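# Tertiary structure, described
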Amino acid sequence: MNQAGEDKVKKVTIMGLGLFGGGTGVAQYWANRGSKVTVTDLRDAKTLKPSIEALGKFNIEYILEKHREEDFINTDLLVVNPAVKPDNKYVELAKRSGVPITTEIGLFITEHQNNNKNPIIAITGSNGKSTTTSLLSSIMSEQNNQTLSGGNIGGSLLSNLGLYPSGTPAILELSSFQLHYLANDSFAPDISIITNLAPNHLDWHTTLDNYYTDKKNILSLQDKSQYTILNYQDPVLRKWAEETKSQVIFTSLEDHGLDNSAFIRDDNFLIRLNSTEELLAQVSSLRLPGKHNQENAIQALAGTLIYSKYININNSNNKKSFDVGLSKFTGLAHRQEVVADLDGVLFVNDSIATTPESTIAALNSYGSREIILIAGGYDKDIPMENMCEEIIQKSKAVILIGQTARPIYDIIKKLSSSFDAEVVETNFASAIQAAYKKTKTGVVLLSPGCASYGMFTNFQDRGNQFKEIAENLKS
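So, here is what we can say about the structure in this document. (Residues numbered from 1 in each chain as written. Predicted model: local features only at pLDDT ≥ 70, side-chain atom pairs only at ≥ 80, totals over all residues. Heavy atoms only, no water.)

### Details of the packing of helix α7 (residues 129-141) against helix α13 (residues 320-328)
With their axes 8 Å apart at the nearest point, α7 and α13 run at an angle of 135° to one another. Taken together, the axes of α7 and α13 are oblique relative to one another. For the pair α7 and α13, the crossing hand works out as right-handed. When α7 is examined against α13, the residues Leu 135, Ser 138 and Ile 139 are found in contact with a partner set consisting of Ser 321, Phe 322, Gly 325, Leu 326 and Lys 328. (Axes fitted to C-alpha atoms, helices over the stretch in contact; angles between N-to-C directions. Helix = DSSP H or I, 4+ residues; strand = E, 2+ residues; numbered from the N terminus. Parallel < 35°, antiparallel > 145°, perpendicular 65-115°, else oblique. Left-handed = near helix turned anticlockwise from the far one by under 90°. Contact = heavy atoms within 4.5 Å.)

The structure is reproduced here in structure tokens:
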């Protein structure tokens with residue numbers, strides 16, 4: 001949406017206020033421009049209290065616990081929370097009424113990139129995109145302390161518009177939901193990064209093809225002046241490399257002899273461009289455990305170098321910042337976060353693990369230490385067989401919770417009738433206590449492999465409850 005278009009927006013409907021900052025950011029954005037803002041959300045005021053309080057000084061109309069048709073017809077713009085399915089009847093009503101539809105991230109991208117010509121590095125993938133985004137931000141911030149970071153990782157960047165000089169880079173984590181809606185905005189980042197692909201959110205996308213199509217929107221409109229960083233270990237992404245017009249850089253944990261690729265050799269993160277190798281950083285500078293985090297790091301390092309060499313050509317490209325940026329980043333909350341140590345038993349909060357692949361990665365991160373896993377949650381129609389096989393091989397026992405507890409239990413028992421699997425249907429505290437009783441020196445790992453809906457407000461709520469319960473076990 002260009003500035004002329006914004007001047008015509010007198011009434012705005014925001015569908016889905018949410019609790020991650022995007023809804024409050026876009027509400028502030030339009031309220032500050034004098035638009036009449038209506039927020040409509042199916043949740044109640046108690047649930048949305050933090051977001052509503054953040055908007056306290058603005059004159060905003062709230063329609064909660066329901067939607068009204070008139071709010072989707074008599075408006076100049078509909079801003080949709082990307083978690084809303086595109087076939088939602090109210091979204092369809094707005095389309096039929098000729099109402100323009102966008103998202104919070106779509107508004108930011110239009111202003112930051114399309115209008116102000118500022119660079120964007122966009123990251124997506126089924127797993128690891130938040131960590132890759134954060135690592136990239138940590139490294140690039142060592143070179144430019146005005147680097148912006150946001151998107152699906154939380155918060156809103158709309159308030160930053162106009163506060164930074166031309167050329168300020170934005171690093172954006174983008175979900176498949178956000179990319180679905182961005183297809184209408186001719187989005188083409190300067191650098192796109194795809195960490196990996198695996199079935200996810202099939203309850204929203206309905207088919208794996210739809211999910212992959214939305215993910216592919218991150219590179220589908222890129223041209224030969226732009227760059228794509230792809231995980232070479234993913235066969236689907238190798239195929240996508242043949243379809244994009246952008247310049248492709250592959251990443252891998254080992255050297256496949258490819259030109260224009262980044263990889264690991266010994267203790268070195270290396271990149272080979274135009275047949276010339278150069279050192280990016282030392283693997284030992286990375287403070288996060290597991291091979292999957294090395295994959296995240298190599299993509300973040302490659303993204304930084306490509307930006308420094310080809311996007312921001314006046315940048316000093318101080319290589320020391322690469323190691324410093326890696327070493328300064330110690331991890332994100334709810335991502336293999338050690339939250340308690342009770343007489344040698346570690347309690348690890350990996351609540352962000354909402355896919356089987358994320359849980360598999362976590363199970364491979366603790367070497368020989370015995371793992372008592374807490375898994376299960378909302379059913380996103382994702383196959384669980386591979387995760388169940390890894391649970392049997394890599395953990396001592398599993399405590400299962402939520403909607404998927406019984407299905408996962410049945411799969412595990414079919415694979416190994418003797419494996420220690422237990423369904424705890426009473427409450428979350430009982431599940432954590434049951435896990436704690438099964439080990440003396442191991443790891444109680446919350447890595448659910450499923451979404452949090454139903455039992456919790458979101459994955460942060462699940463992780464925070466885990467932390468609180470674990471800490472209370474001390475007393």
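### Brief notes about helix α15 (residues 385-394)
Taken together, the buried positions of α15 are Met 387, Cys 388, Glu 390 and Ile 391. Axial view of α15: buried residues confined to an arc of 160°, hence all on one face. Along α15, the residues that are exposed and aim more than 90 degrees away from the buried face are Asn 386 and Gln 393. Buried residues along α15 sit against α14 (356-363), β17 (371-375), β18 (397-400) and α16 (405-415). (Buried < 20%, exposed > 50% of the residue type's maximum accessible area, 1.4 Å probe, protein only. Arc of directions from axis to C-beta.)

### Topic: the pairing of strand β9 (residues 191-194)
The side-chain alternation of β9 yields two buried faces, one formed by Ile 191 and Ile 193 and the other by Ser 192 and Ile 194. As paired strands, strand β6 (residues 120-124) and β9 are joined by four bridges and run parallel to one another. In the strand pairing of β9, Ile 121 is matched with Ile 191. (Pairing = 2+ DSSP bridges.)

### Section: the pattern of salt bridges
Applying the stated criterion across every chain yields a total of 18 salt bridges. In this structure, Lys 328 and Glu 142 form a salt bridge, with 3.0 Å as the shortest nitrogen-oxygen distance. Highlighted residues: Lys 328 in helix α13 and Glu 142 in the loop between α7 and β7 (148-151), separated in sequence by 186 residues. With a relative accessible area of 33%, Glu 142 lands in the partly exposed category. (Salt bridge = Lys/Arg side-chain N within 4 Å of Asp/Glu carboxyl O.)

### Let's talk about the sheet that holds β18
Taken in spatial order, the six strands of this open sheet run β15-β16-β20-β17-β18-β19, and their pairing is mixed. Edge positions in the sheet fall to β15 (337-342) and β19 (420-423), since each has one partner strand and no second. Sheet twist, expressed as the mean angle between neighbouring strand axes with direction ignored, is 20°. Two strands pair when backbone bridges link them, and β15 and strand β16 (residues 345-349) are joined in this way by five bridges, in the antiparallel orientation. Each residue of the ladder has a partner; that of Glu 337, found in β16, is Asn 349. Packed on one face of the sheet, helix α17 (residues 428-436) meets β15, β16, β17, β18, β19 and β20 (443-446) and runs near 165° to β17.

### Let's talk about the sheet that holds strand β5 (residues 101-102)
Strand pairing in a sheet relies on backbone hydrogen bonds. The paired strands run either parallel or antiparallel. If you walk across this open sheet you meet the five strands as β3-β2-β1-β4-β5, and the pairing is parallel. Where the open sheet ends on each side, the last strands, each with one partner, are β3 (60-64) and β5. Two elements, strand β1 (residues 11-15) and strand β2 (residues 36-41), share five bridges in a ladder whose sense is parallel. Paired with Met 15 across the bridge in β2 is Thr 40.

### Describing empty space enclosed by the protein
A probe as big as a water molecule, rolled over the atoms, marks out the empty space that is left. Under the counting rule described, the total for this entry stands at one cavity of 30 Å³ or more. The calculated volume of the largest cavity comes to roughly 40 Å³. Lining the largest cavity are Tyr 232, Phe 250, Thr 251, Ser 252, Glu 254, His 256, Leu 258, Ser 261, Ala 262 and Phe 263. Where the lining of the largest cavity is concerned, the elements lending two or more residues are β11 (247-251) and β12 (261-265). (1 Å grid on protein atoms, 1.4 Å probe; cavity = no way out; pocket = protein on both sides within 12 Å on 5 of 7 lines; lining within 4 Å. Points joined across faces, edges and corners; volume = space filled by probe spheres on them.)

### Describing the pairing of strand β13 (residues 268-273)
Each regular strand displays side chains that alternate between the two surfaces of the sheet. Most of β13 sits inside the fold, with five of its six residues counted as buried. Judged from the five bridges that link them, β12 and β13 form a sheet pairing that is antiparallel. Within β13, the position partnered with Ser 261 by the bridge is Arg 272. Direction of pairing for β13 relative to strand β14 (residues 276-282): antiparallel, over a ladder of six bridges. Bridge pairing in β14 links Leu 273 to Thr 276. If you look at the hairpin formed by β13 and β14, you'll find two residues sitting between the two strands, and Asn 274 has a positive phi there, around 50°.

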